[in-house]
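What the coordinates show
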Amino acid sequence: MVNYRILIFLFLLFASSCGIGPQPIVYGSDGCHFCSMTIVDRQHAAEIVTDKGKVFKFDSTECMMNHVKDLDQKQIALYLVNDFDQPGELINATKATYLISNRLPSPMGEFLTAFKTEKAAVDALMIYEGDLMTWEQLKLRFQL
């Protein structure tokens, strides 16, 4: 006779491990899925989570955007980027505002930085100069 407690435990364990959500980036250890560089920059890292829970980590937003070209975008559940003002904090990339400024380098040389709010991006624009972009504009820039 099967022990139902064991079956219930196994079911709960399996069900809880299938959540779709971000995974913490281990800076200095995790590698970029696109370029294979070690992820060290807490202000420019990014992450994609698929609808099946698979996580892809990137050292920069530009690596994430270049990798998106190789994926079925309908299967992407989350696009996440680091907020420049809160290093290490992943935010919703589709709601972020982006600054491209030659005075603010990013790991792969696109000078692309994400901000959680438009106000934060405008404040950075006053300091660093450059161009602001929305998610939709960023997708056009990367031909997505």
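Residues numbered from 1 in each chain as written. Predicted model: local features only at pLDDT ≥ 70, side-chain atom pairs only at ≥ 80, totals over all residues. Heavy atoms only, no water.

**Re the overall build of the protein**
Short version of the rule: Runs of H or I in DSSP of at least four residues are treated as helices and runs of E of at least two as strands, each being numbered from the N terminus. In this scheme, a residue with accessible area under 20% of its type's maximum is buried, one over 50% is exposed, and one in between is partly exposed, where area comes from a 1.4 Å probe on protein chains only. Working rule for contacts: check all heavy atoms of both residues, and any pair within 4.5 Å makes them a contact. Per-residue accessibility takes into account occlusion by the displayed protein chains alone, with areas from the Shrake-Rupley method and a 1.4 Å probe.
Helices and strands together make up the secondary structure of the protein, namely 4 helices and 7 strands. Along its sequence from the N terminus, the protein presents helices and strands in the succession α-β-β-α-β-β-β-β-α-β-α. Counting the 144 residues in the protein, one finds 38% classified as buried. Expressed as a percentage of contacts within the protein between residues at least 6 apart in sequence, the contacts between residues at least 24 apart total 56%. Roughly 8,500 Å² of accessible area belongs to the protein as shown, and the carbon and sulfur atoms make up 56% of that amount.

**Side note on the sheet that holds strand E5 (residues 97-100)**
To keep things clear, this is the line we draw: Strand pairing is assigned whenever DSSP detects at least two bridges linking the two strands. Axis definition: a line fitted to C-alpha atoms, limited for helices to the stretch in contact. Angles are taken between N-to-C directions and run from 0 to 180 degrees.
The antiparallel open sheet is built from 3 strands, whose spatial order is E6-E5-E7. Looking at strand neighbours, the two that pair on one side only are strand E6 (112-115) and strand E7 (131-133), the edges of this open sheet. Each strand axis lies, on average, 30° off the axis of its neighbour in the sheet, ignoring direction. With 4 bridges joining them, E5 and E6 adopt antiparallel strand pairing. Looking across to E6, one finds that Leu-99 is bridged to Thr-113. Helix-sheet contacts for helix H3 (residues 118-128) involve E5, E6 and E7, and the interaxial angle to E5 is about 10°.

**Some points on the pattern of salt bridges**
For the record, the criterion: When a carboxyl oxygen of Asp or Glu is within 4 Å of a side-chain nitrogen of Lys or Arg, the pair counts as a salt bridge.
Per the counting criterion, the structure on display carries 6 salt bridges. The shortest N-O distance in the salt bridge between Lys-139 and Glu-136 comes to 3.7 Å. Of this pair, Lys-139 and Glu-136 both sit in helix H4 (residues 135-141), 3 residues apart, roughly one helical turn. Given a relative accessible area of 49%, Glu-136 falls into the partly exposed group.

**Let's talk about helix H2 (residues 61-68)**
At 3.6 residues per turn, the α-helix brings residues three or four places apart onto the same side. Counting buried positions along H2 gives 7 out of 8 residues, so the element sits mostly inside the fold. Listed in full, the buried residues belonging to H2 are Thr-61, Glu-62, Cys-63, Met-64, Met-65, His-67 and Val-68. On its buried side, H2 packs onto strand E1 (46-50), strand E2 (55-58), strand E3 (76-83), E5, E6 and H4.

**Looking at the packing of aromatic side chains**
The test is simple: Centres within 6.5 Å make a pair out of two Phe, Tyr or Trp rings, where for Trp the six-membered ring is used; the pair is then stacked when the planes are under 30 degrees apart, edge-to-face when over 60, and tilted otherwise.
Inspection of every chain in the model, using the stated rule, returns 4 aromatic pairs. Here the aromatic rings of Tyr-79 and Trp-135 are separated by 4.9 Å at their centres, their planes lie at 55°, and the arrangement is tilted. A residue pair is termed long-range when its members are at least 10 positions apart, and Tyr-79 in strand E3 and Trp-135 in helix H4 qualify at 56 residues. The exposure class assigned to Tyr-79 is buried, which follows from its relative accessible area of 12%. Accessibility expressed as a relative area gives 5% for Trp-135, which makes it buried.

**As for a nonpolar patch on the surface**
Heads up, the condition is: A residue counts toward a patch only above 30% relative accessible area and without a salt bridge, and it is joined to like-charged neighbours within 9 Å or, for Val, Leu, Ile, Met, Phe, Trp and Tyr, to nonpolar neighbours within 5 Å.
On the surface, Val-122, Met-126 and Ile-127 cluster together to form a nonpolar patch covering roughly 290 Å² of accessible area. Note on placement: Met-126 falls in helix H3. For Met-126, a relative accessible area of 62% translates into the label exposed.

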